[in-house]
Amino acid sequence: MGGLAVLGQQADPAAKAVPAADAPNGALTIGGVIALTGNANLYGQDQRLGISLAREWAGSRRRQPGEPPLRPLHFQLQDGGSDEATAIAGFNLLIRQGVLALIGPTLSQQAFAADPIAQRRGVPVVAPSNTAKGIPQIGPFISRVSAQSSVIAPLSISEALRRDPRIRRVAVFYSQDDAFSTSETAIFQRTLRARGLTPVSVQRTQLADNDFQIPITAALQADPQLVVISIQAVGGGNLVRQLRELGYRGAIVVGNGMNTPNIYPICQRWCDGILIAQAYSPELDTPVNRTFRNLLRGSSPDRSPSQITAQAFTAYQVLFEAVQRLQRRGGLENVNLGQARKALMEELLAGQYDTPLGPIRFTPDGELVQGQFYVAQVRMDPGGRSGRFALVRETGVSGGAGGSASPPAR
Amino acid sequence: MDPALLVQMLIGALLGISVYLPLATGQLTLATPAFYAVGGTLAALLSTRWPVLGARIDGSFPLPSFLLELALGGALAGLLALLVGRIVLRLQGIYLAIATIALVEIVRVAILNLPFTGGAVGIFGIPQPFPSAAGYLLPALALLLLAGWVCQRLEVMALGRAMAAVREDELAARCMGIDTTQVKLTAFVMSAVLAGGTGVLAAHFLNTWNARQGSFDSAVIMLAFVILGGSRSWLGPVLGGLVLTALPELLRPVGDARLVLFGLVILSGPALFPQGLVTPGLLERLGRLGDPAGRPGAEGSRP
């Protein structure tokens, strides 16, 4: 047993000294554990892109006159798969290789498995896409840049009701075997009840479903005026299309699972008009978001900017800025890796960041405080093959940096 | 090697033996993930919701409570197997396989929809009986040694011989006076107890538990352990479980192509070794090597 304990400790290079910034091996490593395989790999591809754009952005940062040299950062990416065991293996591997901090994993369920390992070893984690309740509460080393669905989801319902206050009959669809969709629909339904609306029909589907004729027929019998959907992109796109094809003409609000340009080819012209609340708007007109969009256009002209990509960019950005601030304050001199990790976490949580998502900061326990959220409406091109999320409302949330609800300044 | 990966490999080997036990009586059942999920869910529930077990605020968990969970998880899975086995073991071949897949689905959907199992997110913040992943090596290894010892003992026990007789020819075995239903049920329950205990271990090791852990997909992977390793000796599924769990991790340096290579291994395994890596012939040759009379120069070295 004692031997095993030694085996566990040897695996962690926390006691090694951090090299000086101008030493030949002065670069520190950030690790990323992202779903490149399995059913979450669509998100993982977007995240890989977001991080590579952030690295381009970081590489182009120049040292200001009079400033100490920037601390160079390496990035090491590992496939986290879409299951818990692979995410754990990815975290363990990178921690053993001596990373300063970690970005990932992609799914909240994976975070509940892998984050406790980083927490026990004292390695800072920035989650780019975990939205479940309780993620930062895993421990003081866990933070996220993805807003909880409880903050975002109610905004799109409010917008739909603002557009048509006479709505009384609401139908709800969600995939019951998907962690994200079940927690999101609970928030949607709570918001509806708070507005005095009890769903006339609640349809449960499965993650792998693509044919929704039966639940749609059942829901349409209740003659809904608003349909609220919490289903991932592919299934959700098909559901919207089949809803319209079966004659539904009312308003549609969709959840964050469909917050990706990947839905355009699936529901095509039938996507037009659906409402969605977003943590990122491509139409936000700030210097850093313009830079983000330009970098994206330069590297993948055929991809539209998506929330997942922007959040992954943000995760790397906050780590980069926190490391540089720590470097300027001398917090990376004469310390070992374990101490540097702890100092970085404190620096990370103390900072304010101007990101493609808008201005953000963290609560002391690592939860995101984001000033602005957005409600968008999908506008499809006349050909119906491509479209955009047109910003219809920008909302400041109390506690954040923004103001109150207002139409966007465009 | 990373101790966490070693633990995952041992869990793979344990699940391999669990699929092997019914196969040793000639019954193809894919129910192992259902019992694994029952054990895991029980451990997750008990350790997070039942303060009597002594989970502490710092996330640690007393070892005796963990051992109690192991016993309870195995017992509950065994009980379920006893109830279900009486019915499903009347079926044979592919029909039995389909019935056990249905069991896996029923358990999965139940865990997904029960009010106290956390829905699709599952149960998280499972307390830890050991300070690091290396701590799990000892119980996992002990469980594997125990399972291996039982399997080895079976070879010379009446029950083991009866299992082999049922596998070779069920009708002939019944004619010889073997209670084939009882034999098959015993193997099924042993398999469930092992899977339930493994689930308890895995729930603590993974820190979190949800309905995805016991799915049809995992049944297919566990069956692959047995097919690659060989189904004629318990060492086969152990080797299959160890190798197939470790391979995707060991192939990480290959980068994006690692799962392609992994798929190739799964494909080429049965093609090159139709009876699996561990065959009775191989064991016999190894046995003769260990025997002084079988040293080179004696009969064992014949080409």
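Reading the values: rules and limits
Residues numbered from 1 in each chain as written. Chains lettered and ligands numbered in written order. Predicted model: local features only at pLDDT ≥ 70, side-chain atom pairs only at ≥ 80, totals over all residues. Heavy atoms only, no water. pLDDT = per-residue confidence, 0-100. Contact = heavy atoms within 4.5 Å. Pairing = 2+ DSSP bridges. Helix = DSSP H or I, 4+ residues; strand = E, 2+ residues; numbered from the N terminus. Axes fitted to C-alpha atoms, helices over the stretch in contact; angles between N-to-C directions. 1 Å grid on protein atoms, 1.4 Å probe; cavity = no way out; pocket = protein on both sides within 12 Å on 5 of 7 lines; lining within 4 Å. Points joined across faces, edges and corners; volume = space filled by probe spheres on them. Nonpolar A, V, L, I, M, F, W, Y, C, P; charged D, E, K, R; others polar. Salt bridge = Lys/Arg side-chain N within 4 Å of Asp/Glu carboxyl O. Buried < 20%, exposed > 50% of the residue type's maximum accessible area, 1.4 Å probe, protein only. Parallel < 35°, antiparallel > 145°, perpendicular 65-115°, else oblique. Left-handed = near helix turned anticlockwise from the far one by under 90°. Disulfide = S-S within 2.5 Å. Domains from an automatic or database assignment. Buried area = accessible area lost by both parts, 1.4 Å probe. Phe/Tyr/Trp six-rings, centres within 6.5 Å; stacked < 30°, edge-to-face > 60°.

Residue and element names in this part refer to chain A. For chain A, per-residue confidence averages 90 on the pLDDT scale, and residues scoring 70 or more make up 93% of the total. Of the regions scoring below 50 in pLDDT, residues 1-9 engages in eleven contacts with residues more than four places distant in sequence or in other chains. Segment residues 399-410: pLDDT under 50, and 24 contacts once partners within four positions in sequence are set aside and those in other chains are kept.

Turning our eyes to something else, we now look at the sheet that holds strand S6 (residues 170-175) of chain A. All names here are of chain A. Pairing is mixed across the open sheet formed by seven strands, whose spatial order is S7-S6-S8-S9-S10-S14-S15. Unpaired on one side and paired on the other, strand S7 (201-205) and strand S15 (387-396) mark the two borders of the sheet. Taken over all neighbouring pairs, the strand axes of this sheet differ in orientation by 20° on average, direction set aside. Taken together, the five bridges between S6 and strand S8 (residues 226-230) define a ladder with parallel strand orientation.

Quick look at the layout of surface pockets now. Empty space within the second largest pocket amounts to approximately 520 Å³. Taken together, 23 residues line the second largest pocket, and the ones lying closest to its centre are A:Ile138, B:Asp58, B:Gly59, B:Gly125 and B:Ile126. Residue assignment for the lining of the second largest pocket shows that the elements contributing at least two residues are helix H4 (108-121) of chain A together with helix H2 (32-49) of chain B. With four residues, H4(A) is the largest single contributor of residues to the lining of the second largest pocket. Here the residues of the lining of the second largest pocket sort into ten nonpolar, ten polar and three charged.

Here we come to the pattern of salt bridges. Between side chains of opposite charge, pairing is possible as soon as their charged atoms come close. Going through the model one piece at a time under the given rule, you end up with 23 salt bridges over all chains. Across the pair B:Arg108 and B:Glu105 runs a salt bridge, and its minimum N-O distance is 3.1 Å. A residue pair is termed a helical-turn pair when its members lie 3 or 4 positions apart in one helix, as B:Arg108 and B:Glu105 do in helix H4 (residues 93-113) at three residues. By relative accessible area, which is 31% here, B:Glu105 ends up partly exposed. The residue B:Glu170 makes a salt bridge to B:Lys184 at a minimum N-O spacing of 2.9 Å. Of this pair, B:Glu170 sits in helix H7 (residues 170-175) while B:Lys184 is found in helix H8 (residues 180-206), placing the two residues 14 residues apart along the sequence. Considered together, B:Glu170 and B:Lys184 belong to a single accessibility category, that of buried residues. Bridged by salt links that share partners, the residues A:Glu159, A:Arg162, A:Arg163 and A:Arg393 form one connected network.

Before going further, it helps to examine the sheet that holds strand S3 (residues 101-103) of chain A. Residue and element names in this part refer to chain A. Strand order in this open sheet of five strands is S2-S1-S3-S4-S5, and the pairing throughout is parallel. Only two strands of the sheet have a single partner each, and these edge strands are strand S2 (73-79) and strand S5 (142-144). Mean inter-strand twist for the sheet, computed between neighbouring axes without regard to direction, equals 25°. Here three bridges tie strand S1 (residues 28-34) to S3, and the two strands are oriented parallel to one another. In the sheet register, Gly31 faces S3, and the bridge partner there is Leu102. Across the sheet, helix H11 (residues 307-328) lies against S1, S2, S3 and strand S4 (125-127), angled at about 165° from S3, the strand it touches most.

With that out of the way, let us pick up the packing of H2(B) against H8(B). To characterise two packed helices, one gives the angle between the axes of the helices and the distance between these axes. Residues and elements named next belong to chain B. At their nearest, the axes of H2 and H8 sit 7 Å apart, and the two run at 45° to each other. When the axis of H2 is compared with that of H8, the two are oblique. Where H2 crosses over H8, the two elements pack in a sense that is right-handed. Along the contact surface, H2 presents Thr32, Phe35, Tyr36, Gly39, Gly40, Ala43 and Ser47, while H8 presents Phe188, Ser191, Ala192, Ala195, Gly196, Thr198, Gly199, Val200, Ala202, Ala203 and His204. Here the contact of H2 with H8 is composed, by residue class, of nine nonpolar, nine polar and no charged.

The next thing to look at is the state of the cysteines. Residues and elements named next belong to chain A. Under the counting rule described, the total for this entry stands at one disulfide over all chains. Here Cys267 is linked by a disulfide to Cys271, with a sulfur-sulfur distance of 1.7 Å. The sign of the S-S torsion, about 80°, decides the handedness of the disulfide formed by Cys267 and Cys271: right-handed. Per residue, the accessibility class of Cys267 equals that of Cys271, and both read buried.

Right, let's get into the packing of helix H2 (residues 41-59) of chain A against H11(A). All names here are of chain A. With their axes 7 Å apart at the nearest point, H2 and H11 run at an angle of 40° to one another. Comparing their axes, H11 and H2 come out oblique. Here the hand of the crossing between H2 and H11 comes out right-handed. Along the contact surface, H2 presents Tyr43, Asp46, Gln47, Leu49, Gly50, Ile51, Leu53, Ala54, Arg55, Trp57 and Ala58, while H11 presents Ile308, Thr309, Ala312, Phe313, Tyr316, Gln317, Phe320 and Glu321. Grouping the constituent residues of the contact of H2 with H11 by class yields twelve nonpolar, four polar and three charged.

Below, the discussion takes up the domain arrangement of chain A. Residues and elements named next belong to chain A. Domain assignment breaks chain A into domain 1 (27-147 + 285-370) and domain 2 (149-278 + 372-396). Computed over C-alpha atoms, the centres of domain 1 and domain 2 are 30 Å apart. Contacts between domain 1 and domain 2 engage 13 residues on the former and 14 residues on the latter. Taking both partners together, domain 1 and domain 2 bury about 1,200 Å²; carbon and sulfur atoms supply 48% of that area. At the surface where domain 1 touches domain 2, the tally comes to zero salt bridges.

The next point concerns the packing of aromatic side chains. Residues and elements named next belong to chain A. Considering all chains together, one arrives at 13 aromatic pairs over all chains under this definition. When the ring of Tyr264 is compared with that of Phe389, the centres are 5.8 Å apart and the planes differ by 45°; the resulting orientation is tilted. Here the residue Tyr264 occupies a position in helix H9 (residues 264-267), and Phe389 occupies one in strand S15, the gap between them amounting to 125 residues. For Phe389, a relative accessible area of 6% translates into the label buried.

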